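Results of the structural survey
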Amino acid sequence: MTDTQDPIIKFSDVTKRFGDLVVLDHFDFEVNLGEKVALIGPSGSGKSTVLRILMTLETIQEGQIELDGIPYREPGGHGPFHASAKHLHNIRSRVGMVFQGFNLFPHMSVLRNITEAPVVVLGLSKREAKERAMQLLEMVGLADKADAFPTQLSGGQKQRVAIARALAMRPRVMLFDEPTSALDPELVGEVQEVIRGLAHEHDLTMLLVTHEMRFAREIADRVCFFDKGRIVEQGPPAEVMVNPQEERTQNFLAPYLADRQAGV
Amino acid sequence: MTGTALLPPLLAGAKITAELTIASTFIGAVLAFAAGIARGTGGRLIRLIAAVYIEIFRGTSLLVQLFWLYYALPLLGPSIGPFTTGVLALSLNIGAYGAEVVRGSILAVARAQHEAAIALNFSRRQRLWHIVLPQALPEMMPPLGNLAVQNLKDTSLVSMITIADLTFHAQNLRNLTLDTVPIYSLTLLLYFAMALILMACMRGLERWVRIGGSPARS
């Protein structure tokens, strides 16, 4: 899974508050290049916030974050992120994100949803961007939907387009924020299938926030159990999810473990 | 005097009214977008300047603005002709109201859309032009259409600063002939006809704006 010493993602003593609510509490976290990490835990435990901070959608109050060795804050940087627009651009170029609510652009066709950022942000020619988009659509099984609009797609199709859209920017880190939580049960499988395929990409680092325990166990190299803004327990899924040591982890995983014992 | 004799002077006035409406709606639209985008997305100073402009023109009477520009401004310096004064006042007015429509539609674009655009590394300006405005534009067209029709009717106030528009001619004719009922009936009809044409144009524009966007929203 990993063959490097330096982590690609590093949170050091990070505290994030929303008003009086502490979401991340002196939080430390490292991810190695190519690692697939599942973040699990109760709602409000801070898992999604970790992804949103990495995507620069949220600021932090204390601590340091590094990605690829680049600190998020610049010395003497201004604004809520203590960083220039150029610096944020540099960080964002390395990270892609898939949202629970898909967030496709409703005024653009499926193809344009995927080509717009490569053309506008990366400066690719329309032809190059289209080739790249069609390859990705092929990969997620939606090549025939290139000319459709988001309103004409099912939830599972929308999320697959959203994954292709994020991948078109060639990120080093992919963040999945509850990618199947907004889907009807019968559509979860097709999205998981695509994510499962990406998990085989050796160099792609993946962070997945999910409530699908079975899926987390299947694709993750490491599972991190969050509670109250901290990682309570972490390790290979075969350990954390089969034989959790902490009481809070045991309680959280109880329904999943019961299902497993019942052979469901 | 018969209706046919009344019509030529009224039509001459209607032409001036149409010219005023077209010029001020067009300039007003430019002002509306500039001030609305500035107030919705600009830096602190830009926002303040836009807000001062919008609130001054929304908060004072159009008639008094016309009088001020026509009678007071020349005493302070520049003197501009009545037609220019009329276009200026009407444009600044519809621009101020339109700016709030533009700003509101921009702010109504879902936060999730901004976040998706940030995640794809669009810059602030690219987010505005590629993601936010194309979604906001179809939403702002119906209220902007209302403002354009409102603007057409507001042009009648310029008769007070000696512009020979439709209302001005109607009042003149009435003073000359005292044919009050036919004159004002014809005048109403002419305004109504122009409003119908304007509304049809705005609906066409609305459809045009939606082309290239998502298909029929069901």
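Quick notes on the rules
- Residues numbered from 1 in each chain as written.
- Chains lettered and ligands numbered in written order.
- Predicted model: local features only at pLDDT ≥ 70, side-chain atom pairs only at ≥ 80, totals over all residues.
- Heavy atoms only, no water.
- Helix = DSSP H or I, 4+ residues; strand = E, 2+ residues; numbered from the N terminus.
- Buried < 20%, exposed > 50% of the residue type's maximum accessible area, 1.4 Å probe, protein only.
- Contact = heavy atoms within 4.5 Å.
- Areas by Shrake-Rupley, 256 points an atom, 1.4 Å probe, with all protein chains shown as cover.
- Lys, Arg positive; Asp, Glu negative; His and termini not counted.
- Charge placed at Lys NZ, Arg CZ, Asp CG, Glu CD.
- UniProt positions renumbered as here; feature names shortened; annotations may be inferred.
- Patch = residues over 30% accessible without salt bridge, like charges linked within 9 Å, V, L, I, M, F, W, Y side chains within 5 Å.
- Salt bridge = Lys/Arg side-chain N within 4 Å of Asp/Glu carboxyl O.
- Core = buried A, V, L, I, M, F, W, Y, C linked by side-chain atoms within 4.5 Å.
- Domains from an automatic or database assignment.

Some points on the overall build of chain B
Within chain B, the secondary structure is distributed over 8 helices and 0 strands. Ordered by position in the sequence, the α and β elements of chain B form the string α-α-α-α-α-α-α-α. Residue burial in chain B is summarised as follows: out of 218 residues, 44% are buried. When contacts within chain B are restricted to residue pairs at least 6 apart in sequence, those whose partners lie at least 24 apart make up 76%. Looking at chain B as shown, the accessible area adds up to about 11,300 Å², and 70% of this sits on carbon and sulfur atoms. Chain B carries 16 positive and 9 negative side-chain charges, and their two centres are separated by 10 Å.

A word on the UniProt feature "transmembrane region" (unreviewed entry) in chain B
Residue and element names in this part refer to chain B. As annotated by UniProt and renumbered to match this structure, "transmembrane region" (unreviewed entry) occupies residues 20–38, 50–73 and 181–201. Segment residues 50–73 splits into 92% helix and 0% strand. End C-alpha atoms: 22 Å apart. For residues 181–201, helix accounts for 100% and strand for 0%, while the C-alpha atoms at its two ends are 30 Å apart.

Some remarks on a nonpolar patch on the surface
Residue and element names in this part refer to chain B. A contiguous nonpolar patch, built from Leu45, Leu48, Ile49, Val52 and Ile56 and spanning about 500 Å² of accessible area, is present on the exposed surface. In this fold, Ile49 is placed in helix H2 (residues 44–59). On the basis of relative accessibility, which here comes to 54%, the residue Ile49 falls in the exposed class.

So, the nonpolar core
All names here are of chain A. Core analysis: the largest hydrophobic core is formed by 46 residues, its most contacted members being Phe11, Phe29 and Leu54. Both of domain 1 (9–94 + 173–261) and domain 2 (106–170) provide at least three residues apiece to this core. Those residues within four positions of Phe11 in sequence are excluded, and the remaining contacts are Phe27, Asp28, Phe29, Val50, Ile53, Leu54, Gln64 and Ile65. Formed by 36 residues, the second largest nonpolar core is a distinct cluster that contains Leu104, Ala133, Ala146 and Val161.

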